[in-house]
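# Per-entry structural report
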Amino acid sequence: MSYIPHTESERRQMMAAVGVESIDQLFADVPAEVRFPELDLPEPASELEILEELQLLSEANLNTREAACFLGAGAYNHYIPSVVDHILRRNEFYTAYTPYQPEISQGTLQAIFEYQSLMCFLTGMEVSNASHYDGATALAEAAILALNVHQGRRDKLVLTPGIHPQYREVVRTYLQGQPLEIVGDDSLGSRPETYLDERTSLVAVQYPDFFGNIVDYASLAAAAHAVGALVCVVANPIALGLLKPPSEFGADVVVGDGQPLGIPLSFGGPTIGFFATRQEYVRKMSGRLVGETSDSRGQRGYVLTLTPREQHIRRGRATSNICTNQGLMALAVTAYLSSVGRGGLRKVAELCYHKAHYAAEQIAAVEGFQLWNREPFFHEFVIRCPKPPAQLNQHLLDHDILGGYDLGQEYPELEGHMLLAVTELIHKQDIDDLAAALREAVDA
Amino acid sequence: MLEPLIYELSTPGRPGHRFPDPDVPRADLPAGMTRKELMLPELSELEVVRHFVRLSQLNHAIDTGFYPLGSCSMKYNPKVNEDAARLPGFAHSHPLQDLSTQQGSLALMFRLQQWLKEIGGFAGVSLQPAAGAHGELSGILMIRAYHHQRGQPQRNKILVPDSAHGTNPATTTMSGLRVVELPSDARGNVDLEALRAECDETVAGLMLTNPNTLGLFEEHVQEVVRLVHDAGGLVYGDGANMNALLGVVRPGDLGFDVLHFNLHKTFSTPHGGGGPGAGPVGVGDQLLDYLPGPVVAELEPETEDLPPLYGLEMPPKSIGRVKAFHGHFGMHVRAYSYIRSYGRSGMRAIADHAVLNANYLMAGLRQTYQVPFDRRCMHEFVAEGRFEFAPEIHALDISKRLMDYGFHPPTNYFPLIIREALMIEPTETESKPTLDAFVEAMLAIAEEARSEPELLKGAPHSTPFGRMDEVQAAKQLVLCCRPAELAPANP
């Protein structure tokens, strides 16, 4: 299969117009000794053959439609209304480029403006950018924002153990070239307050935290502000349908992964990183921004704005190198929030909440299992298990259940603990089956 | 016609998508932690659909017309790729599932890694980076880590030609290194004398786009690479223009130590109105251990009865993770499908026709529009959007007038080193009649510039929107709809 339209006669006419006798001549600048290598690739295939091959590969996976998924830990199996993908499949959206020419890109631009508005209201913040790659890189960009706000005079970043372990890894990767100390997350018991000082540029927390706990960070935020540090909250956007927005306890930046809002799991990507902050930091934040304006005919319209922050204008002095971001995923979030609406998001959040609490209760009632959380939790919770989680999960797989995340992998203190997530796609029966299977696994 | 904002279409109490009631007892909500208001719109599903369909109709897209945006490779996005990425086993699998339940996805990623290694001439590939700039960040961090590991932290200088994409210098700064800009010579190549002068014991590396953003193949590429290597530096390849090189030359064979691929340019995954893309990085032997990870590895080879067992491995000196989970897997599926479709014998045909199309367009335009370098181009070329006979006309005016002819304008005002640059990349999927129509429009516009310049100055005329006031947008800075502005539903 090929998507090249040229006929033999067109090719000949075009070569004549260019003044070559063969296409090879077009590549005369390429060093001859390495030109035109034989590539060890499979032979070309037809569409029919490719689909068969991919179908087989996809069937070699277990998918969350075949199994009850209690796995969360940063990626969540939610229901996506059909309308969302129908909108994403509009050719005019998904085959367009970044909207550099606003006169013929108002569809994308207005949709991003609406996305920015929705994220502002959801997080309680004043400005939102058009997206980052995912929640982890959005957090890294928040750390860079804080360094810029302090103009490089503060060289300490405080993370907390309740932030997703992979997010913390990404922050360290991004900042490895900067003279900076990253502290606060080496053990479960560490308290962020004890790290705050005049060198601290930012303290970051997660809400609900990685273990599902709903924590009010008001006093931490006050302490951070007292030393002049910024506060970043990594938030779960479905939880924000029910919980107080981070703006109410003093967040300066709210970031997170928008995957739960209408984006399929897709083995972890693509998703979208949302990033919202206070108006005063808008010129220091990275990423695309869409602003309202008017056109030469007096009509309201939208354009990419504050581009002097960006790499294509400012080059080596840009706030970030980000260019391509997650445009279509922002559209998915916009379509999702527009169709579930004010009542729908709250309902999804409550469904998750109630089902998670029922699940925690049922599991804790099984002999040997114990709920670890001592604070209110949202839709994830930690269970202390009488057997290694890996072993339990193998048993659950035999019952078509995807068990929880084995916390011992990242937190030595939590060996033998499992993190379970419950969404609106889990039925009461699934929870009862899970409890029964766990009971059976222990008895076995 | 103007489409209202989603908030303006909202009607209090309008029922939207319905979810079932809970089938479990309700738990007490966390005291003092629930939110009082949630300002989301309320629309019926039909209202939502009409809103977004109408918005979509305000876009120009590859699927509606020619999109010759330079350095963006706006080629056709095959539809089967979209279907493939949505197969339930791909779209609905969780990234932290036990690897035994993910062998299909891992096999796909492993093969894609192998194919990209083969196409680029590299020893290893990581699929983790989410976009080209993300691949650049990974690559420059690897170069930095490599020098640090070898006890040469004083190597802190990255050389960047003046024709480079803005992401190159921005990446360098983000990585904690210093940018030194190199001039171009009279034929559009890296100026060798300037390069030689900078090749000292502080050079960490060079970032080179080849073909460069002028659409020209670097005539001294091997010499450039040798100079940097001899000075102890490494060479980064910006793979944005890889479409010109498929099956023509492998960057690894030219001595590049690391390169990012843009799956959304070269390998046909859709641009999505600004992402998601994917920016896998390929490396030679020296940087193999530094790749961002984890990467997919074959843990146990295939046996007579069993397929190979795939898993994830962290390279021993990895710069770390650059993203949560495994990269943009959905884009990996699409690129897999694309490479599979062209295969061994078809890969070169992509570059052949991309380069033929660009040279054909250049031949049609160069009598009328100045092309600053008298050379054959690769997959794109840069023309100057200005006329001696009409000094008031700029590249911007020509770009906007092209919209009236139904075309998306070329990339304009880039590269910065060409006055009034129009950077034109047709890609291989456009047919001769489309290219002819584009040339015809460009020639007609040049004629209009002479006879009716106001047609250009006021363009576009036939689009739903006229030129936007960008100054007003930056001055008044309205970045979201404000609650006070939320009008009640239309009567």
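## Describing the overall build of chain B
When its secondary structure is counted, chain B shows 13 helices and twelve strands. A compact globule built from 491 residues should have a C-alpha radius of gyration of about 23 Å, and chain B, at 25 Å, falls within 12% of that. Across its three principal axes, chain B shows a C-alpha extent of roughly 75 × 70 × 45 Å. Counting all 491 residues of chain B, 60% fall into the buried class. Counting only contacts in chain B whose residues sit at least 6 apart along the sequence, the fraction spanning at least 24 positions is 73%.

## Details of the confidence of the model for chain B
Low-pLDDT portions of the prediction should not be read for the details of their coordinates. All names here are of chain B. The predicted model of chain B has a mean per-residue pLDDT of 96, with 98% of residues at 70 or higher. When the criterion is pLDDT under 50, residues 487-491 qualifies, and its contacts beyond four places in sequence or with other chains add up to three contacts. Across the predicted assembly, pTM comes out at 0.97 and ipTM at 0.98.

## So, the domain arrangement of chain A
Residue and element names in this part refer to chain A. The domain boundaries assigned to chain A delineate domain 1 (68-76 + 342-443) and domain 2 (82-335). Between the C-alpha centres of domain 1 and domain 2 there is a distance of 29 Å. Of the residues lining the interface, 23 residues belong to domain 1; the matching set on domain 2 comes to 19 residues. With seven residues, the single largest contributor to the side of domain 1 that touches domain 2 is helix α10 (residues 327-364). Residue classes in the side of domain 1 that touches domain 2 are distributed as 14 nonpolar, three polar and six charged.

## With respect to helix α5 (residues 132-149) of chain B
Because an α-helix packs 3.6 residues into every turn, residues spaced three or four apart end up facing the same way. All names here are of chain B. Here α5 is 18 residues long and its end C-alpha atoms lie 25 Å apart, about the 26 Å a rise of 1.5 Å per residue gives. Counting buried positions along α5 gives 16 out of 18 residues, so the element sits mostly inside the fold. Just past α5, the residue Gly151 takes up positive phi, approximately 70 degrees.

## Here we look at helix α11 (residues 389-398) of chain A
Residue and element names in this part refer to chain A. Here α11 has its buried residues at Pro389, Leu392, Asn393 and Leu396. End-on view of α11: buried residues confined to an arc of 100 degrees, all on one side of the axis. Buried residues along α11 sit in contact with β13 (401-402), β14 (405-406), β15 (417-421) and α12 (428-443). Residue Asp400 follows α11 closely and has a positive phi angle near 55 degrees.

## Some points on the environment of Asp63 of chain B
Examined against the element boundaries, Asp63 of chain B turns out to sit in the loop between α1 (45-56) and α2 (79-85). Note on Asp63 of chain B: 18 C-beta atoms within 10 Å, which makes it partly exposed. With 34 residues separating them in the primary sequence, Asp63 of chain B and Gln97 of chain B have C-alpha atoms 36 Å apart. In this view, Asp63 of chain B contacts Asn91, Glu92 and Thr95 of chain A; residues no more than four positions away in its chain are not counted.

## Details of the interface of chain A and chain B
In this assembly, 164 residues from chain A lie in contact with 167 residues from chain B. When its residues are assigned to classes, the side of chain A that touches chain B shows 78 nonpolar, 57 polar and 29 charged.

## A look at the sheet that holds strand β3 (residues 156-158) of chain A
Residues and elements named next belong to chain A. The strand order across the open sheet formed by seven strands is β2-β8-β7-β6-β5-β3-β4, and the pairing between neighbours is mixed. Each edge of the sheet is formed by a strand with only one pairing partner; in this case those strands are β2 (127-128) and β4 (181-183). Pairing analysis gives three bridges linking strand β6 (residues 230-235) to strand β7 (residues 253-257), with the strands arranged parallel. Bridge assignment links Val233 to a residue of β7, and that residue is Val254.

## Here's the deal with the pairing of strand β10 (residues 300-304) of chain A
Residues and elements named next belong to chain A. Extensive coverage of β10 is indicated by the burial of four of its five residues. By the bridge criterion, five bridges tie strand β9 (residues 290-294) to β10 in an arrangement that is antiparallel. Within β10, the residue paired with Thr293 across the bridge is Gly301. Remark: five residues form the turn of the hairpin made by β9 and β10, two consecutive strands paired antiparallel; Gly298 in that turn has positive phi of roughly 80 degrees.

## Points about the nonpolar core
Among the nonpolar cores identified, the biggest contains 306 residues, and Leu139, Ala142, Leu202 and Cys232 of chain A are the most heavily contacted of them. Counting the residues that make up this core, at least three belong to each of domain 1 (68-76 + 342-443) and domain 2 (82-335) of chain A.

## As for unusual backbone geometry
Residues and elements named next belong to chain B. Residue Pro276 is bonded to the preceding Gly275 through a cis peptide linkage, with omega at 0 degrees. For Pro276, the location among the structural elements is in the loop between β6 (258-261) and β7 (281-283). Residue Pro415 is reached from Phe414 by a cis peptide bond, and omega for that bond is -5 degrees. Within the secondary structure, Pro415 is located in the loop between β11 (411-412) and β12 (421-424).

## Some points on the sheet that holds strand β10 (residues 381-384) of chain B
Residue and element names in this part refer to chain B. Pairing is antiparallel across the open sheet formed by three strands, whose spatial order is β10-β12-β11. Each edge of the open sheet is held by one strand with a lone partner, namely β10 and β11. Judged from the four bridges that link them, β10 and β12 form a sheet pairing that is antiparallel. Looking across to β12, one finds that Ala383 is bridged to Leu422.

## What to know about the packing of helix α4 (residues 103-120) of chain B against helix α9 (residues 329-365) of chain B
Geometrically, a packed helix pair is captured by the angle between its two axes and the distance between the axes. All names here are of chain B. Contact geometry of α4 with α9 gives a least axis separation of 10 Å together with a crossing angle of 50 degrees. As the angle between them shows, α4 and α9 are arranged oblique. Pair α4 / α9 crosses with left-handed handedness. Residue-level contacts link Ser105, Leu108, Met109, Arg111, Leu112, Trp115 and Ile119 of α4 to Phe329, His332, Val333, Ala335, Tyr336, Ile339 and Met347 of α9.

How each quantity is defined
- Residues numbered from 1 in each chain as written.
- Chains lettered and ligands numbered in written order.
- Predicted model: local features only at pLDDT ≥ 70, side-chain atom pairs only at ≥ 80, totals over all residues.
- Helix = DSSP H or I, 4+ residues; strand = E, 2+ residues; numbered from the N terminus.
- Rg over C-alpha atoms; globule rule 2.2 N^0.38 Å.
- Buried ≥ 20, exposed ≤ 12 C-beta atoms within 10 Å, placed from the backbone.
- Contact = placed C-beta atoms within 7 Å.
- pLDDT = per-residue confidence, 0-100.
- Domains from an automatic or database assignment.
- Nonpolar A, V, L, I, M, F, W, Y, C, P; charged D, E, K, R; others polar.
- Expected span 1.5 Å × (residues − 1).
- Arc of directions from axis to C-beta.
- Pairing = 2+ DSSP bridges.
- Core = buried A, V, L, I, M, F, W, Y, C linked by C-beta atoms within 7 Å.
- Axes fitted to C-alpha atoms, helices over the stretch in contact; angles between N-to-C directions.
- Parallel < 35°, antiparallel > 145°, perpendicular 65-115°, else oblique.
- Left-handed = near helix turned anticlockwise from the far one by under 90°.

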